[in-house]
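Per-entry structural report
Here is what each chain is made of, one letter per residue.
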Amino acid sequence: MSPINAYLTFDGNAAEAMRFYEKTLRGTMQMMMTVGEAPDTEQMPAEAKKRIMHASLTYGDGILMASDTMPGQPFEGMKGFGVALTLDTVAEARRIFDAFADGGSVGMPFEKTFWVEGFGMVTDRFGTPWLINGGKALV
């Protein structure tokens, strides 16, 4: 069975977001294709050509995928979910939390909890909500 992986949708800034995630998560971009680079997209409006059709980033054992909405598709923001990360160390979890908090908003400060050495909730500057666990499980 394959693992569950997140697929995020942005409103024209997927490339910027995915490059930020690649750097912050110390991952590797496997693919990033614009609409203009895809086959059989001649009929697409010019404003769609630079939007991301599909991007895929690997980090640790995970995959984070994304695309932009297409013109005419309403973008309602990211809501009703969170991307959960579990890191081996508190230091690495804190580093990622702080990077996501820069320009974003903290929902729950990064601190020790009853279930793990460090946990925090943050929505990054791209609107993606993250739940970040770090260190040893305590339960």
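Before reading on, note that the structure itself is shown above.
Okay, so let's go over this structure. Everything numeric in this text was worked out from a predicted model, so none of it was measured.

1. Focus: the pairing of strand β3 (residues 52-59)
- Pairing of strand β2 (residues 28-34) with β3, which is carried by six bridges, proceeds in the antiparallel orientation. Looking at the pairing, threonine 34 lines up with isoleucine 52 of β3.

2. Topic: the environment of glutamate 76
- On the secondary structure map, glutamate 76 appears in the loop between β4 (62-68) and β5 (83-87).
- In this structure glutamate 76 comes out as exposed when scored by relative accessible area, which is 59%.

3. Let's talk about the layout of surface pockets
- Approximately 170 Å³ is the volume attributed to the largest pocket.
- Lining the largest pocket, in full, are Leu25, Arg26, Tyr59, Gly60, Asp61, Leu85, Thr86, Leu87, Glu92 and Ile96.
- Sorting the residues of the lining of the largest pocket by element identifies β5 and α2 (90-101) as the ones contributing at least two each.
- Counting residues per element, the lining of the largest pocket draws most heavily on β5, which supplies three residues.
- In the lining of the largest pocket, the residues fall into five nonpolar, two polar and three charged.

What counts, and at which threshold
Residues numbered from 1 in each chain as written. Predicted model: local features only at pLDDT ≥ 70, side-chain atom pairs only at ≥ 80, totals over all residues. Heavy atoms only, no water. Pairing = 2+ DSSP bridges. Helix = DSSP H or I, 4+ residues; strand = E, 2+ residues; numbered from the N terminus. Buried < 20%, exposed > 50% of the residue type's maximum accessible area, 1.4 Å probe, protein only. 1 Å grid on protein atoms, 1.4 Å probe; cavity = no way out; pocket = protein on both sides within 12 Å on 5 of 7 lines; lining within 4 Å. Points joined across faces, edges and corners; volume = space filled by probe spheres on them. Nonpolar A, V, L, I, M, F, W, Y, C, P; charged D, E, K, R; others polar.

By themselves, these figures tell us nothing about what the structure is for.
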